[in-house]
Amino acid sequence: MNEDALAQCQNELSQEKKQFEEFIYLVSHDLNAPIRAISNLSVWIAEDLGNDIPADVKQHINLLQARTQLLERMLGAILTLSRVARTDLEIGYVELLPFLEKLSNPFRKEQVSVSIQIRSVVPGLITYYQKLQTVLSELITNAILHTDKEKVNIAVVVTQTGEFLKFEIIDNGPGLPADVSERIFSLFYTAKGKEGNQNIGAGLTIAKKIANFVGGQLAVDIPPEGLGCSFVLYWPRKEPEKV
Amino acid sequence: MKIITKIYLSIGFILLVFVFVTVAYFIQSNKVDNAIDEVLLSTEIIQANSNLQKAVLDAQAGMRGYLLSGKENYVEPYYAGVAEYLIELNILRKLNQSKPANIGYLNQIDQQFNNWNDSIASPLIEAKRNVNAGPKAQQEYNRLYYKTYTREEGKTRIDRIRYFTDLIEKVETRNKKALVGKLKTSQNLTDLLSLGLTVLAVIIGIATALLLGKTIKKRILSMQKLASNLARGNFEMKLTDHDHDELSSLSADMNVMAQKLQNSFAHLKKMNQELDQFAYVVSHDLKAPLRAINNLAEWIDEDIGETTPEIRKNLSLMRGRVHRLENLINGILAYSRIGRTKIEQNTFDLRELLQEITESLAPLPNQKIIIPTEPLQIQTEKILLQQVLVNLISNGLKYNNKPNAEVSVSAELNGKNYLIRVADNGPGIPPEYHEKIFGVFQTIEARDTIESTGIGLAIVKKIIEEKHGAIRVDSEPGQGTTFSFTWPLSQPVVLAPI
């Protein structure tokens, strides 16, 4: 009976996993249709109303469209989360220094005050390079997003510990209170309200989910208040098996 | 040590003991055989020896009788005695082949006897026969007689013979006694040894059986306990085993399996919780912007005042979509909540519950809900059963395309389960949808045709599975649809700890 039970348990587990992915996918897909409809309808209503409408109506329509976009982005994030195990599964060699430089360049161009220092004692590895790129981009985005300084300084340091590469992404931002170090990884958690900014609180969730998917880890080191954040990403050195 | 080795060793030892006992008895019996032969030989020798002695005495007595009486018939015993002596001596020589000492004595005896016969008895008898032949013969006889009796030459020889025959008798009697004694001792020893070994073998056999049986039984019992614990979903137990045998590896395997089961189960539980938590968080977070959109749409509607029907229509369509989104999210929330909260059990009449449901659904005049006429007491979580029935009955009405829609509910107690059927006379469900309809957000018709979230049956299925029941659908297009589900008798819902 025991081997049966074990097999059944594992079977249930994999089914549960599949159901989970399917559920999220379905949820985001099915919710997407009415949101698209709302978005379209709001555009049509705005067009039909023309330009000479009261300012408060105009403002309400803008707000409504912003909220709709927020909803769409949230659903997009759920969809991305559900797809972590299915997308960007290409495996390739990553030469770390050029890879990190190339990854940092868009951020440097975008905001002049962003400076990203890269150091790596490891030449490269064979891995899911798109996934690694996504995680690191999310972490850099996160550092820039939460800065309170005029000039953003980010250091990306790659070292090697046992089976893993250790990526440290250190910023000069305001840092984090210790009690939120776990919560920042939950979906739709944002440090500030969702109203003002573009952030919906999904980037770190996705980054962590990817790290877990590849068999690594993502955590945040809480330094003393005001010293900035240091995210630590452990990424397996072992070449992933092709699915 | 392996159990099988223990068993082999103990059985091997017992067999060895019995082989030893058998061999001991075999040797002993051979010994007895030999000893009996020896004893018989000694007895025969003693007998023949005594015969020999008697023959010598007879010969002596015959000679004396003849010498005294001078009658010829008195000399007969002498001849018989001499003949007898020869026969017995022969027998004795044969019997004593293996006894050189006795042969030596016999030679002595023979020498003395021959000496006595040749130089004393025979000449005397001859002289006696001739005694009357003349004074010379008389003188000769007297000389011989004198020599024999006065100088006791005859007696000396006969005494010598006696001495040696007595010696043989003594030796053989002693030999016989010693043999019998030795035989008895060895017999006693063999008996004692065999008895002791047999008792030892029996003790070892019983001890092995008891000891092995007890330990094996104890360990098998603990394994059984582990297995039944596993079956009951308790994975905490571990087997401890300090022996190193077949059962130990089995124990180790079982421990590994329990560990694996525990891990898988923990993982499954975590996964389940994660799914529910996720659905909850997601739908919860989505509700805030939705509420804002609804409010904004309402404000825009109020603020624009006079406007074209087109805009009004679009606004109302938009609020319809918002409403639908809310319904979907509420559905997901409801779905994720199943099993997260403990629900009280109550006892109620199923018929009354169905009446309440009928009232709350407010069927149109052309819709009919048929409920059982007999009361049926049920003890269970009323809210859950109500949720299942409301979903099934409202589905039966909502999707019904007949002018006179009918949904009929029947219930019966079937062993440990209630068997409840909800049948409608609607359009029926094609077989390829029978599995799919229980998925989240699955509807057969396009969403726009009938306002439906498609989550109702998913909720129904999740509740029934949470109650360890089962649901099935029987339907063909145009034949109506029957949902049948089992609802176990008052068994509390197993709660996933939150």
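Rules and cut-offs
- In every chain, residue numbers begin from 1 and rise along the written sequence.
- Ligands are numbered from 1 and chains lettered from A, in the order in which they are written.
- Residues qualify for local features only when their pLDDT is at least 70, as the model is predicted, and side-chain atom pairs are given and counted only at 80 or more; totals for whole chains, interfaces and linings, by contrast, use all residues.
- Hydrogens and waters are ignored; side-chain quantities use all the structure's heavy atoms.
- Only DSSP runs of H or I covering at least 4 residues are called helices, and only runs of E covering at least 2 are called strands; the numbering of each starts at the N terminus.
- When a residue's accessible area, from a 1.4 Å probe over protein chains only, is under 20% of the maximum for its type it is buried; when over 50% it is exposed; and in between it is partly exposed.
- When checking whether two residues touch, look at their non-hydrogen atoms; a contact exists if any pair is within 4.5 Å.
- For every accessible area listed, the method is Shrake-Rupley and the probe measures 1.4 Å; residues are considered covered only by the protein chains on display.
- UniProt positions are given in the numbering used here, feature names are shortened, and annotations may be inferred rather than shown by experiment.
- What makes a salt bridge here is a side-chain nitrogen of Lys or Arg within 4 Å of a carboxyl oxygen of Asp or Glu, nothing more.
- Note on terminology: a nonpolar core comprises buried Ala, Val, Leu, Ile, Met, Phe, Trp, Tyr and Cys residues joined through side-chain atoms within 4.5 Å.
- Each residue gets a pLDDT score, which is the predictor's confidence in that residue and runs from 0 to 100.
- Buried area adds together the accessible area that both of two parts lose upon being put together, with accessible area traced by a 1.4 Å probe.
- N or O atoms closer than or at 3.5 Å make up a polar contact, with two conditions inside protein: a donor-capable atom paired with an acceptor-capable one, and, for residues adjacent in sequence, both atoms drawn from side chains.
- Strands qualify as paired when DSSP identifies two bridges or more between them.
- To define axes, lines are fitted to C-alpha atoms, for helices over the stretch in contact only, and angles between the resulting N-to-C directions are given on a 0 to 180 degree scale.
- Here roughly perpendicular refers to angles of 65 to 115 degrees, roughly parallel to angles under 35, roughly antiparallel to angles over 145, and oblique to all remaining angles.
- Helix crossings get a hand from a simple test, with the near helix turned counterclockwise from the far one by less than a right angle marking a left-handed crossing and a clockwise turn marking a right-handed one.
- Residues were grouped as follows: Ala, Val, Leu, Ile, Met, Phe, Trp, Tyr, Cys and Pro as nonpolar; Asp, Glu, Lys and Arg as charged; and all remaining residues, including Gly, as polar.
- For a helix, the expected span equals 1.5 Å multiplied by the number of residues minus one.
- In this scheme Phe, Tyr and Trp rings, the latter by its six-membered ring, pair at centre separations within 6.5 Å, and the angle between planes marks the pair as stacked below 30 degrees, edge-to-face above 60, and tilted otherwise.
- Criterion for a charge above a ring: Arg CZ or Lys NZ at most 6 Å from the ring centre, at most 35 degrees from the ring normal.

What follows concerns the overall build of chain A. Looking only at helices and strands, one finds five helices and seven strands in chain A. The helix and strand sequence of chain A, counted from the amino end, reads α-α-β-α-β-β-α-β-β-α-β-β. Expressed as a percentage of its 243 residues, the buried residues of chain A come to 46%. At a minimum sequence separation of 6, the contacts of chain A that also span at least 24 residues come to 73%. By element, 51% of the accessible surface of chain A is carried by carbon and sulfur atoms, the whole surface being about 12500 Å².

Attention now moves to the overall build of chain B. The helix and strand tally for chain B stands at ten helices and seven strands. Here chain B holds 498 residues, and the buried ones make up 40% of them. Within chain B, contacts between residues separated by at least 24 positions form 72% of all contacts whose residues are at least 6 apart in sequence. Summing over all exposed atoms, chain B offers an accessible surface of approximately 27700 Å²; the carbon and sulfur share of this is 57%.

Those residues carrying the UniProt feature "transmembrane region" (unreviewed entry) are residues 7-27 and 192-213 of chain B in this numbering. When the span residues 7-27 of chain B is considered, its composition is 100% helix and 0% strand, and the gap between its end C-alpha atoms is 30 Å.

Two side chains that carry opposite charge are able to pair once their charged atoms sit near each other. Residue and element names in this part refer to chain B. Inspection of every chain in the model, using the stated rule, returns 20 salt bridges over all chains. Taking the shortest distance from any N to any O, the salt bridge between E72 and R129 comes out at 2.9 Å. Placement of the pair is E72 in the loop between α1 (3-69) and α2 (76-95) and R129 in helix α3 (residues 100-129), with a sequence separation of 57 residues. Judged by its relative accessible area of 41%, E72 falls in the partly exposed class. When the shortest N-O distance is used, the salt bridge between K155 and D159 registers 3.0 Å. Of this pair, K155 and D159 both sit in helix α5 (residues 153-231), separated by four residues, roughly a single helical turn. With relative accessibility at 42%, the residue K155 sits in the partly exposed group.

A few words now on unusual backbone geometry. Residue and element names in this part refer to chain A. Of note, the phi angle at D88 is positive, near 55°, even though the residue is not glycine. As for its placement among the helices and strands, D88 is situated in the loop between α2 (55-82) and β1 (91-95). On the basis of relative accessible area, D88 is assigned to the partly exposed category, the value being 35%.

Let's shift gears to the nonpolar core. By size, the foremost hydrophobic cluster in this structure holds 121 residues, and its most contacted members are F167 of chain A together with L385, L389 and F485 of chain B. Here this core takes ten residues from α2 of chain A, the largest share from any one element.

Turning next to the confidence of the model for chain B. Residues and elements named next belong to chain B. Residues of chain B with pLDDT of at least 70 account for 95%, and the chain-wide mean is 84. Scored below 50 in pLDDT, residues 492-498 shows 15 contacts in the model against residues more than four places distant or in partner chains. Scoring the predicted complex yields pTM 0.58 and, for the interface, ipTM 0.77.

Turning to the interface of chain A and chain B, a few remarks are in order. Taken together, the contact between chain A and chain B spans 44 residues of the former and 49 residues of the latter. Here chain A and chain B share an interface that buries about 4300 Å² over both sides, 83% of which is from carbon and sulfur atoms. Our count for the chain A to chain B interface comes out at zero salt bridges. For the pair chain A and chain B, the number of links is zero residue pairs in polar contact (both at pLDDT 80 or more).

Moving on, we get to the pairing of strand β3 (residues 124-128) of chain A. Residue and element names in this part refer to chain A. Counting buried residues in β3 gives four out of five residues, a clear majority hidden from the surface. Bridging between β1 and β3 involves five bridges; their strand directions are antiparallel. Note that in β3 the partner of Y93 across the bridge is I126.

The next subject is the sheet that holds strand β4 (residues 405-414) of chain B. All names here are of chain B. Taken together, five strands build an open sheet; the order of strands is β2-β4-β5-β7-β6 and the sheet is mixed. Where the open sheet ends on each side, the last strands, each with one partner, are β2 (367-370) and β6 (471-475). Taking the axes of each pair of neighbouring strands and ignoring which way they run, one obtains an average angle of 15° across the sheet. Examined bridge by bridge, strand β5 (residues 417-424) and strand β7 (residues 481-488) share eight bridges and lie antiparallel to one another. Its bridge partner being in β7, I420 is matched across the sheet by F485. The sheet contacts of helix α9 (residues 382-398) involve β2, β4, β5 and β7, and relative to β7 the element is tilted by about 175°. Strands β6 and β7 of the sheet are contacted by helix α10 (residues 456-466), whose axis makes an angle of about 30° with β7.

Turning to its location among the elements, T380 of chain B is positioned in strand β3 (residues 377-380). Contacts of T380 of chain B, omitting those with residues within four sequence positions, involve E344, Q345, N346, F348, L385, K467 and W487 of chain B.

All names here are of chain B. Viewed as axis vectors pointing N to C, α1 and helix α4 (residues 135-150) meet at an angle of 140°, and their least axial separation amounts to 14 Å. When the interaxial angle is binned, α1 and α4 end up oblique. For α1 against α4, the interelement crossing comes out left-handed. Facing α1, whose interface residues are M63, R64 and L67, α4 presents Y141, Y145 and Y149. For the contact of α1 with α4, a count of residues per class yields five nonpolar, no polar and one charged.

When you line up the elements, N255 of chain B lands in helix α6 (residues 246-303). Beyond its immediate stretch of four places on either side in the chain, N255 of chain B contacts L226, K238 and L239 of chain B.

Before going further, it helps to spend a moment on α2 of chain B. Between the first and last C-alpha of α2 of chain B there are 28 Å, a value that for 20 residues agrees with the 28 Å anticipated at 1.5 Å per step. Buried residues belonging to α2 of chain B abut α1 and α3 of chain B.

This paragraph deals with the packing of aromatic side chains. A full pass over the atoms with the stated rule returns twelve aromatic pairs over all chains. A ring pair is formed by Y85 of chain B and F113 of chain B, whose centres lie 3.7 Å apart and whose planes are at 25°; its orientation type is stacked. Residue Y85 of chain B is located in helix α2, and its partner F113 of chain B is located in helix α3; the two are separated by 28 residues in the primary sequence. Grouping residues by exposure puts Y85 of chain B and F113 of chain B together as buried. Over the aromatic face of F185 of chain A sits the side chain of K208 of chain A, whose NZ or CZ is 4.5 Å from the ring centroid. Stacked on the ring of F348 of chain B, the Lys or Arg K382 of chain B has its end atom at 5.5 Å from the ring centre.

Attention shifts here to the sheet that holds strand β4 (residues 152-161) of chain A. In any sheet, the strands associate via hydrogen bonds between backbone groups, in a parallel or an antiparallel arrangement. All names here are of chain A. Strand order in this open sheet of five strands is β2-β4-β5-β7-β6, and the pairing throughout is mixed. Since the sheet does not close on itself, it has two edges, and those belong to β2 (114-120) and β6 (217-221), each with one partner. Taken over all neighbouring pairs, the strand axes of this sheet differ in orientation by 15° on average, direction set aside. Pairing analysis gives five bridges linking β6 to strand β7 (residues 230-236), with the strands arranged antiparallel. Each residue of the ladder has a partner; that of D221, found in β7, is S230. Docked against the sheet, helix α3 (residues 96-110) engages β2, β4 and β5 (164-171), running at close to 175° with respect to β2. Its contacts with the sheet put helix α5 (residues 203-213) on β6 and β7, and the angle it makes with β6 is roughly 130°.

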